[in-house]
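# Inside the fold
What follows is each chain in one-letter form.
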Amino acid sequence: MIRQAKGKTPRRPPPKKPSNNQKDPVGVYCRVRPLGADDEECCIEVISNTTIQLHAPDGLKANRNGEFKETQYSFKKVFGIKTTQRELFEDVAKPLTQDLIHGKNGLLFTYGVTGSGKTHTMTGSPGQGGLLPRSLDMIFNSIGPYQAKRYVFKPDDKNGMEVQNQVDALLDRQKRDSQTSVPKTPNTRRVDPEFADMISPEEACKAEGVDEDSSYSVFVSYIEIYNNYIYDLLEETPFDPIKPKPPQSKILREDQNHNMYVAGCTEVEVKSTEEAFEVFWRGQKKRRIANTQLNRESSRSHSVFIVKLAQAPLDADGDNVLQDKNQVNVSQLCLVDLAGSERTSRTRAEGNRLREAGNINQSLMTLRTCIEVLRENQMCGTNKMVPYRDSKVTHLFKNYFDGEGKVRMVVCVNPKADDYEETLLVMRFAEMTQEVEVARPVDRPICGFAAGRRQRNQAFKEELTRRLEERGGPVDGDCPTVLNQLLQAFPPLPPCEISGPNDDVTLPRLIEALEKRHKIRQMMIEEYNKTATMLKSVLQEQDGNILSKENVIQEQRGKLGEKDKMLHNQKNEIDRLEKKSKMLEYKIDILQKTTNIYEEDKRSLQNELESREQRLQREMSEKRRMEARMQGMVSDTKLKWEKECERRVNAKQLEMQNKLWVKDEKLKQLKAIVTEGKTENRQPQRPSREKDKVPPKRSASPSPAPTGPPVRPLHRRSHSAGGERWVDHKPTTNVDLDTVMQPNIPNAIKVNAPNEKALSKCDKYVLTHQEVASDGEIQTKLIKGEVFKTRGGGQSVQFTDIETLKQETPVAASRKRRSSESGPDSEPMEGNWTDVETRCSVAVEMRAGSNLGPGYQHHGYTKRRKP
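Let me sum up the structure you'll find in this document. Not measured: the values here are computed from a predicted model. (Residues numbered from 1 in each chain as written. Predicted model: local features only at pLDDT ≥ 70, side-chain atom pairs only at ≥ 80, totals over all residues. Heavy atoms only, no water.)

A general trend in soluble globular proteins is that nonpolar side chains are found buried together. Among the nonpolar cores identified, the biggest contains 54 residues, and Ile 52, Phe 75, Phe 397 and Met 427 are the most heavily contacted of them. Looking at this core element by element, the count peaks at seven residues for helix α11 (residues 420-433). When residues no more than four places from it in sequence are discounted, the contact partners of Phe 75 are Val 28, Tyr 29, Cys 30, Thr 50, Ile 52, Met 427, Ala 430 and Gln 434. Counting 44 residues, the second largest nonpolar core, distinct from the first, contains Leu 100, Val 210, Leu 333 and Val 410. (Core = buried A, V, L, I, M, F, W, Y, C linked by side-chain atoms within 4.5 Å. Buried < 20%, exposed > 50% of the residue type's maximum accessible area, 1.4 Å probe, protein only. Helix = DSSP H or I, 4+ residues; strand = E, 2+ residues; numbered from the N terminus. Contact = heavy atoms within 4.5 Å.)

Dropping the structure here:
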């Protein structure tokens, strides 16, 4: 093939880079799967295409933690149970696939509890392809005619791509073809029941604005993150059925652009949708085998399918890929199926599985923590460190949250009532995630060559073929055929056989034919040069016109881009304000409900307060009436007792006067006896009572004060030996009597003075009181009572019984009788009076409620001494 001379083409000015302060929120979508059975209780209701509402099940109607029974959550878009896989792909994954073809990165992950439809959303089923197969199909439908030959792009094992020349790529292809273990790229769709007919032909779609002057290659890799370890699902390892070896984990590294990648991960170059999906299913089968061998659950691991698209510009001729590594642009789309987010208590795992489930939940918790810190840094202006390195998932995708690509999340929920609490946690995490903003990725220019190189090269080939066809017939473009057509354009050569040594005709005829051919060749070369020069000038003129038009178009595109950015910013601002308005309306609704509850509580409390105030007023009036009544009773009782005390004092004075009169009479009698000398020969054993009798002293023990009402006299035997607890009060002034019979009270607390502590522990009280009787003997009185608690918190003793213990001397009684008998001249009434005195001196047992006065009470307070 004849080529045109290479010439320098002016570089296209690179497009303006957008400012780094432009940010887009994380796109969060919600998909509701259908119920498993019609009779199951549903807890989710789709309110609109952006809002869902959660209803608490019947068993959780009570408000817990201040939450209301119904809560609403807003998303970028909500997909109901009738949403098809194609509709979901059009809104969620198609923009990310277009960005991938235009050289930008993207991250899409599904999040939810086990059984919410994450795998169905990502992978799909025959006839209902998910996001992954549809993304692959769109990629190959868009770049199919512009794909480079296999092994032109080659990974450098450092998250980059190298461009090989045609010879090295051909050698690698021949080496691959020689390996029988590696199947060739299928030309037709594979009939595999597991992934056949994922996408119908009428649902195929293509990206717009594909750069035709670039060459593309697609590389896929498939990894699994389990128990915070990374495993390569496409790694070829020998299988040992006797002693299978566990897969080797991979590590994360950082490339020269500070992007994270899995070191040593297998990257397979694929050339069709079928081949790419076949590689994916090969990894899926290996994952199932590993789960079976290691006895683990597939729902407790994260799967990551990475699609890398390498693109490089064509050279100036538009025929081969430009051999410049710096001009190679690698974009990637990560499709992540996260593990189930349910709590470990719900998984019913034990032992190692419980620990592994805890690690999976820890990785999801780290993802939530990173989202929370990012949100706090953006909303509060803080600069806290985001803990990406705490988990492999967050560490691998940290560049996306730092502005290396778009991030989108599909929240899958199951509307059954059993998943209500788990779904509530998922909704809270999703609501927090969509408040995080990610920096918009920067457009990276590939090269400055003029556009349309591939088309011009194709047009040049077609024009050359047409001209050759006009000259010598049909041309199929092959080099030997073109030479044959050129040879047929020359005049035929004459016979070249020489008949003899004298043949002078053959050689001159041959020379003449060659000269004619030479002239024709020179004419063709001149015509070709003229045509090439003319074509070159036309092409240069066209390049100039195209370059000027491209500059104008670039300017218009820049203006249009600015307008689009302005419209996009305004739309985002409107969406943000609408979302904020909805959030404020929701908060106002909550505050209104809270206000209504508080108002009801306030009214009920006010009614209760009014009723209590009325009750208090009634009680106060009743209290005042009782006080007035009690004051009247106290004054009446006081007057009554004053009269009673005055009467008793008068009676006591009269009694004492009578006693003094009796004593005076006795003294007179004794004096008369002494003077008469009747007892000269008889010495009494003890002095006269009147002489030895000391004047009555004040009792050493506190006398009981009549403070209580009279009590009913109790005629019963002593309970001193009973099982009650007694307070035995014996004053220190008491005299010990050497009598055989002594009062003994078991289980008693002996005190010298009554105190509140002792009285609080007992229910009986006894006071041992000694006084001099009328006959001069010491008599002991046991004053007994019961202990009661008073309204003021103290103790009160109410006396109920008095026992009198007395020691008599029989000699004194007989002496009196002899003295009375030996005095015949004395008055006959003396013996009778003496007997009466004796009977009276025995003492009167004072009982409670007797006519001598009211019952006695003794209070357990410290006695106040008079100064």
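Further notes follow.
Below, the discussion takes up the packing of helix α2 (residues 93-101) against helix α4 (residues 131-143). Where α2 meets α4, the axes come as close as 10 Å, and the angle between the chain directions of the two elements is 40°. As the angle between them shows, α2 and α4 are arranged oblique. Here α2 runs over α4; the crossing is right-handed. Only Leu 131, Ser 135, Met 138, Ile 139, Ser 142 and Ile 143 of α4 make contact with α2, whose side of the interface consists of Ala 93, Lys 94, Thr 97, Gln 98, Leu 100 and Ile 101. Tallied by class, residues from the contact of α2 with α4 come to seven nonpolar, four polar and one charged. (Axes fitted to C-alpha atoms, helices over the stretch in contact; angles between N-to-C directions. Parallel < 35°, antiparallel > 145°, perpendicular 65-115°, else oblique. Left-handed = near helix turned anticlockwise from the far one by under 90°. Nonpolar A, V, L, I, M, F, W, Y, C, P; charged D, E, K, R; others polar.)

Turning next to the pairing of strand β13 (residues 229-232). Of the strand pairs in this sheet, strand β12 (residues 214-226) and β13 are connected by four bridges, and their pairing is antiparallel. Across the sheet, Tyr 226 pairs through a bridge with Tyr 229, a residue of β13. As paired strands, β13 and strand β14 (residues 249-250) are joined by two bridges and run antiparallel to one another. Counterpart to Tyr 231 in the pairing with β14 is Ser 249. (Pairing = 2+ DSSP bridges.)

A separate point is the sheet that holds strand β4 (residues 51-55). What the three strands build is an open sheet, ordered β3-β4-β5; its pairing is antiparallel. One side of each edge strand has no neighbouring strand; the edge strands of this open sheet are β3 (44-46) and β5 (70-74). Between one strand axis and the next, the sheet turns by 25° as a mean value, whatever way the strands run. Here β4 runs beside β5; their pairing, made up of five bridges, is antiparallel. The partner of Leu 54 across the bridge, within β5, is Thr 71. On the sheet, α11 packs against β3, β4 and β5 and is oriented at approximately 145° with respect to β4.

As a further point, take the pattern of salt bridges. A side chain with one charge may pair with a side chain of the opposite charge, provided their charged atoms come close. Using the criterion set out here, one finds 25 salt bridges in the structure. Glu 655 is the salt-bridge partner of Lys 659, the closest N and O atoms lying 3.6 Å from each other. Of this pair, Lys 659 and Glu 655 both sit in helix α14 (residues 506-676), four residues apart, roughly one helical turn. For Lys 659, a relative accessible area of 38% corresponds to the partly exposed category. Looking at Glu 655, the relative accessible area reads 34%, which means it is partly exposed. Between Lys 781 and Glu 771 there is a salt bridge whose closest N-O contact spans 3.1 Å. (Salt bridge = Lys/Arg side-chain N within 4 Å of Asp/Glu carboxyl O.)

Before going further, it helps to examine the packing of aromatic side chains. Under the defined criterion, the tally for this structure stands at ten aromatic pairs. Taking the centre distance of 6.1 Å and the plane angle of 80° together, the rings of Phe 277 and Trp 281 count as edge-to-face. A residue pair is termed a helical-turn pair when its members lie 3 or 4 positions apart in one helix, as Phe 277 and Trp 281 do in helix α6 (residues 273-294) at four residues. As far as burial versus exposure is concerned, Phe 277 and Trp 281 are alike and both buried. Taking the centre distance of 5.9 Å and the plane angle of 70° together, the rings of Phe 280 and Trp 281 count as edge-to-face. An aromatic cluster of three or more residues is present, and its members are Tyr 222, Phe 277, Phe 280, Trp 281 and Phe 305. (Phe/Tyr/Trp six-rings, centres within 6.5 Å; stacked < 30°, edge-to-face > 60°.)

According to the stated counting rule, one finds zero disulfides in the structure shown. Cysteine Cys 412 is unpaired, with the sulfur of Cys 30 as its nearest cysteine sulfur at 8.0 Å. (Disulfide = S-S within 2.5 Å.)

This brings us to the packing of α4 against α6. Where α4 contacts α6, the axes come no closer than 9 Å and their chain directions differ by 150°. Between α4 and α6, the interaxial angle falls into the category roughly antiparallel. By crossing handedness, the relation of α4 to α6 is classed as right-handed. Across the interface between the two elements, Leu 132, Pro 133, Leu 136, Asp 137 and Phe 140 from α4 touch Thr 273, Ala 276, Phe 277 and Phe 280 from α6. Here the contact of α4 with α6 is composed, by residue class, of seven nonpolar, one polar and one charged.

Positionally, Glu 437 belongs in strand β21 (residues 437-439). Residue classification places Glu 437 among the partly exposed residues on the basis of a relative accessible area of 34%. For the pair Glu 437 and Met 379, spaced 58 residues apart in sequence, the C-alpha separation works out to 9.9 Å. Those residues in contact with Glu 437 that lie beyond four places of it in its chain are Lys 23, Asp 24, Pro 25 and Gln 378.

Let's shift gears to unusual backbone geometry. You will see that Tyr 151, though not glycine, has its phi angle at about 70°, which is positive. Structurally, Tyr 151 is set in the loop between α4 and β10 (153-155). The partly exposed category is assigned to Tyr 151, whose relative accessible area is 24%. Notably, Asn 228 is not glycine yet its phi reads approximately 65°, a positive angle. With respect to the helices and strands, the residue Asn 228 is situated in the loop between β12 and β13.

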